[in-house]
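Coordinate inspection notes
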Amino acid sequence: MMNEAERLQIWIERGSVNISQLFFQFYKELQISDTEAMLIMHLNAFHEEGNEFPTPTNIAKRMNLTEDMIASSMQRLMQKGFMEIHQKLDEQGVLYEVINLMPLWSRLLDCVVANNEKNKKESSKLKEGQLFQLFEQEFGRFLSPMETEMISMWLDQDGHSPEVIRKALMEAVISQKLSLRYIDRILFEWKKNNVKTPEDANKLSKSFRKNTLQKNVVQPEKKGSEQPPSSNVPFYNWLDRHK
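As a starting point, this report considers the structure included with it. All of these numbers come straight from a predicted model, not from anything done at the bench.

**Quick word on the packing of aromatic side chains**
Across all of its chains, the model carries 6 aromatic pairs by this definition. Members of the aromatic cluster, each reached through a chain of ring pairs, are F23, F24, Y27 and W105.

Below, the structure written as structure tokens:
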């Protein structure tokens with residue numbers, strides 16, 4: 001299976017990703033100067049026009065730089081590992097040179113992937129912080145150090161996502177059994193049944209409640225003694241599974 005960087009590289013090569021947007025977002029992080037950045041964009045524009053080896057003379061016609069300044073900047077980009085010069089064969093078998101910017105795009109992809117990972121971690125930390133606040137809101141008080149540690153264990157050791165823990169808390173609230181012991185039992189059962197998302201939890205809870213309702217239905221012994229069935233679906237008591 002391809003990783004994110006490989007997929008992005010293919011998208012870039014096929015023109016599915018806007019190079020300019022990504023480049024202008026991250027070129028400072030790559031320690032590329034403003035002048036070098038503009039030169040790179042001109043090189044990329046020449047490539048898109050079909051000119052894979054624009055000379056300093058070609059580029060100087062579009063930039064407020066001399067040919068010598070452009071040649072020096074291109075040399076620095078190659079020294080930094082952002083640009084390479086390759087040889088190719090044309091249809092007649094004649095060698096010709098092309099400027100290859102793929103080393104730069106690879107470095108750019110590294111920045112994109114690292115930035116995405118950073119955003120995911122920050123988002124996860126934010127969700128975890130909101131989770132603790134939600135527990136305090138539902139309990140109507142501050143959590144004790146032991147309670148905070150238990151919730152942290154659900155996240156770090158048991159590998160439950162904040163969304164699944166939030167769902168277990170809501171399950172306890174609805175069932176009017178608001179305690180960490182009850183929530184811990186819910187999460188234990190969910191993990192045993194491979195619950196990964198709130199949607200998985202909904203399906204499992206619905207199945208358990210359906211079974212509970214069927215067991216609680218009393219069949220009438222005599223004709224005419226039938227009582228109207230209750231319209232209320234019982235809440236599933238997760239603690240009852242181990243009595």
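The structure having been displayed, the exposition proceeds.
**Remarks on unusual backbone geometry**
Positioned with a positive phi, Q31 is a non-glycine residue whose angle comes to about 60°. Note that Q31 resides in the loop between α2 (19-26) and α3 (34-48). Its identity as a non-glycine residue notwithstanding, N194 has a phi of 60°, on the positive side. Mapping N194 onto the fold places it in the loop between α9 (180-192) and α10 (198-216). Of the residues examined, N194 reaches a relative accessible area of 51% and is grouped as exposed.

**A closer look at the pattern of salt bridges**
The final tally for this structure, using the stated rule, is 8 salt bridges. Of the charged contacts, one joins R62 and E49 as a salt bridge, the two residues approaching to 2.9 Å between their closest N and O atoms. Of this pair, R62 sits in the loop between α4 (56-60) and α5 (67-79) while E49 sits in the loop between α3 and α4, and the two are 13 residues apart along the sequence. By relative accessible area, R62 is classed as partly exposed at 39%. A relative accessible area of 52% places E49 in the exposed class. Residue E189 pairs with K192 through a salt bridge whose shortest N-O separation is 3.6 Å. A residue pair is termed a helical-turn pair when its members lie 3 or 4 positions apart in one helix, as E189 and K192 do in helix α9 at 3 residues. The class for E189 is buried, based on a relative accessible area of 0%. Owing to a relative accessible area of 49%, K192 belongs among the partly exposed residues under this scheme.

The rules behind these values
- Residues numbered from 1 in each chain as written.
- Predicted model: local features only at pLDDT ≥ 70, side-chain atom pairs only at ≥ 80, totals over all residues.
- Heavy atoms only, no water.
- Phe/Tyr/Trp six-rings, centres within 6.5 Å; stacked < 30°, edge-to-face > 60°.
- Helix = DSSP H or I, 4+ residues; strand = E, 2+ residues; numbered from the N terminus.
- Buried < 20%, exposed > 50% of the residue type's maximum accessible area, 1.4 Å probe, protein only.
- Salt bridge = Lys/Arg side-chain N within 4 Å of Asp/Glu carboxyl O.

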